[in-house]
Amino acid sequence: MAIKTVGVIGCGLMGSGIVQVSAQAGSPTVVVEADQALLDKGLDGLRKTLDGLVARAKLEARERDAILGRITGSTRLEDLKVCDLVVEAITENQPLKNEAFAKLDQICPPHTVLASNTSSCNITAMAAATKRPTQVLGLHFFNPVPLMKLVEVVRTILTDEGSVKAAREWVQAIGKVPVDVKDSTGFIVNRLLVPYLLEAIRVYESGLASLEDIDQAMKLGCGYPMGPFTLLDLVGLDTTMYVAEVMFDEFREARYAPPPLLKRMVMAGHLGRKSGRGFYDYGKK
């Protein structure tokens, strides 16, 4: 089955990015938010992103207008009934996601593939909430979606080959690179990345080196584009702690346990760039 019309639930940071790359690739795209205010905020941000590309001569004005013309905003899940693929990009909450998939199963036509952009929730549980578990999978994009090439295509023990094939072809059609992975907490990237980030915090807690020197060491010694603390502040300390807790609950291994410093920083509201302060202070130049 060729995927032509795409639906996205959620127009936040990840959802709006998925909407953008889908519409840029030529797909009519329907995005649904919980209320009009959230929808307007997400679509306004998307327009500003496209306007910025035009201003930097990376996109022509007529192309921007064509992209926006392919996007339909809604607050009704029922408007996703025209879609061949629906990508869920709501908050990382398992019961909420399961509920969303159960509703989508009732609304969407039998051929529709249902996907989740989750980075930590159980996709098999979402599939079990539907009567089409063979057509449920994960499509884990990375932030910022328009720039990051990778998409983890996550299959459960129930997903059929036809759904995986259709999803992979769509991922390639929007200019991304798919990698196949089984449904297991953290998939590939977070399974390897989260322990690294948590260990960096432990190294700093122990007094071995400063934030700046740890970041510099990993950039120059390993060729990483940014150090662990710069990345933690970008991702969000609360997001990192949530994912770590989910992974620790799944595997019960010490390497996934959030360090005390991370917990206290989240309690204090020092969440990274989003709050203006994390390991670094973004109120200063």
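Everything numeric here is computed off the predicted structure, so don't read it as measured data.

Asker: Quick one: what's the story with the overall build of the chain, residue by residue and with numbers?
Answerer: Of regular secondary structure, the chain possesses eleven helices and eight strands. What you see for the chain is a C-alpha radius of gyration of 20 Å, in line with the 19 Å of a compact globule of 285 residues. C-alpha extents for the chain along the principal axes are approximately 55 × 45 × 35 Å. Relative to its full complement of 285 residues, the chain shows a buried share of 45%. Restricting the contact set of the chain to residue pairs at least 6 apart, pairs at least 24 apart contribute 67%. Of the side-chain charges in the chain, 33 are positive and 33 negative, and the distance between the mean point of each set is 3 Å.

Asker: Pulling in residues and values, what's your account of the packing of helix 7 (residues 189-205) against helix 9 (residues 228-235)?
Answerer: Here helix 7 crosses helix 9 at 115 degrees, and the two axes come no closer than 10 Å. Every pair of crossing elements has a handedness; the one defined by helix 7 and helix 9 is left-handed. When helix 7 is examined against helix 9, the residues Leu-193, Tyr-196, Leu-197, Ala-200, Ile-201 and Tyr-204 are found in contact with a partner set consisting of Pro-228, Phe-229, Leu-231 and Leu-232. When its residues are assigned to classes, the contact of helix 7 with helix 9 shows ten nonpolar, no polar and no charged.

Asker: Describe the nonpolar core, and please don't skip the residues or the numbers.
Answerer: Among the nonpolar cores identified, the biggest contains 34 residues, and Ile-18, Val-31, Ile-71, Leu-85, Leu-139, Phe-141 and Trp-170 are the most heavily contacted of them. Of all the elements in the fold, those that place two or more residues in this core are strand 1 (6-9), helix 1 (13-24), helix 2 (36-55), strand 4 (85-88), strand 5 (113-116), strand 6 (136-141), strand 7 (150-155) and helix 6 (161-173). Here Leu-139 is in contact with Leu-85, Val-87, Ala-115, Ser-116, Asn-117, Val-151, Glu-152, Val-153, Ala-167, Trp-170 and Val-171, once residues within four sequence places are set aside. Counting residues in each nonpolar core, the second largest holds 23 residues, with Leu-197, Leu-211, Leu-231 and Ala-244 among its members.

Asker: Which residues make up the pattern of salt bridges, and what are the values?
Answerer: Overall, the coordinates contain 16 salt bridges when judged by the stated rule. A salt bridge links Arg-76 to Asp-79; the nearest nitrogen and oxygen atoms lie 2.9 Å apart. Residue Arg-76 is classed as partly exposed on the basis of its relative accessible area of 44%. The class of Asp-79 is partly exposed, set by a relative accessible area of 28%. Measuring nitrogen to oxygen at the nearest pair gives 3.1 Å for the salt bridge that ties Arg-252 to Asp-249. What makes Arg-252 exposed here is its relative accessible area of 57%. Connected via shared salt-bridge partners are Asp-51, Arg-64 and Asp-65.

Asker: Can you explain unusual backbone geometry? Please cite residues and give values.
Answerer: The step from Asn-143 to Pro-144 runs through a cis peptide bond, and the omega angle for that step is 0 degrees. Relative to the helices and strands, Pro-144 resides in the loop between strand 6 and strand 7. With a phi close to 60 degrees, Ala-57 is a non-glycine residue in the positive phi region. Mapping Ala-57 onto the fold places it in the loop between helix 2 and helix 3 (61-69).

Asker: Outline the side chain of Thr-156, listing residues and values.
Answerer: Mapped onto the elements, Thr-156 comes out in the loop between strand 7 and helix 6. Reaching out from Thr-156, the side chain makes a polar contact with the backbone nitrogen of Leu-158 at a distance of 2.9 Å. The residues contacting Thr-156, other than those within four sequence positions of it, are Ile-123, Thr-124, Val-136 and Asp-183.

Asker: Could you give an account of the packing of aromatic side chains, with specific residues and numbers?
Answerer: Considering all chains together, one arrives at six aromatic pairs under this definition. Plain terms: the ring middles of Phe-251 and Tyr-256 are 5.4 Å apart, the flat faces sit at 35 degrees to each other, and that makes the pair tilted. Residue classification places Tyr-256 among the buried residues on the basis of a relative accessible area of 0%. Through a chain of ring-to-ring contacts, three or more aromatic side chains come together here, namely Tyr-204, Phe-229 and Phe-279.

Asker: Please set out the sheet that holds strand 3 (residues 71-74) residue by residue, giving values where relevant.
Answerer: Strands sit in the order 3-2-1-4-5-6-7-8 across an open sheet of eight strands; the sheet is mixed. The sheet is open, and its two borders are formed by strand 3 and strand 8 (177-182), each paired with just one other strand. Each strand of the sheet is rotated relative to its neighbour by a mean of 25 degrees, with strand direction disregarded. Of the strand pairs in this sheet, strand 6 and strand 7 are connected by five bridges, and their pairing is antiparallel. Note that in strand 7 the partner of Leu-137 across the bridge is Arg-155.

Asker: Outline the environment of Val-113, supporting the account with residue identities and numerical values.
Answerer: In this structure, Val-113 sits in strand 5. Judged by its relative accessible area of 2%, Val-113 is buried. Sequence separation between Val-113 and Ala-166 is 53 residues; the distance between their C-alpha atoms is 8.4 Å. Beyond its immediate chain neighbours, meaning those up to four positions away, Val-113 contacts Met-1, Asp-84, Leu-85, Val-86, Gln-135, Leu-137 and Ser-163.

Criteria and cut-off values
- Residues numbered from 1 in each chain as written.
- Predicted model: local features only at pLDDT ≥ 70, side-chain atom pairs only at ≥ 80, totals over all residues.
- Heavy atoms only, no water.
- Helix = DSSP H or I, 4+ residues; strand = E, 2+ residues; numbered from the N terminus.
- Rg over C-alpha atoms; globule rule 2.2 N^0.38 Å.
- Buried < 20%, exposed > 50% of the residue type's maximum accessible area, 1.4 Å probe, protein only.
- Contact = heavy atoms within 4.5 Å.
- Lys, Arg positive; Asp, Glu negative; His and termini not counted.
- Charge placed at Lys NZ, Arg CZ, Asp CG, Glu CD.
- Axes fitted to C-alpha atoms, helices over the stretch in contact; angles between N-to-C directions.
- Left-handed = near helix turned anticlockwise from the far one by under 90°.
- Nonpolar A, V, L, I, M, F, W, Y, C, P; charged D, E, K, R; others polar.
- Core = buried A, V, L, I, M, F, W, Y, C linked by side-chain atoms within 4.5 Å.
- Salt bridge = Lys/Arg side-chain N within 4 Å of Asp/Glu carboxyl O.
- Polar contact = N/O pair within 3.5 Å; in protein donor to acceptor, adjacent residues only side chain to side chain.
- Phe/Tyr/Trp six-rings, centres within 6.5 Å; stacked < 30°, edge-to-face > 60°.
- Pairing = 2+ DSSP bridges.

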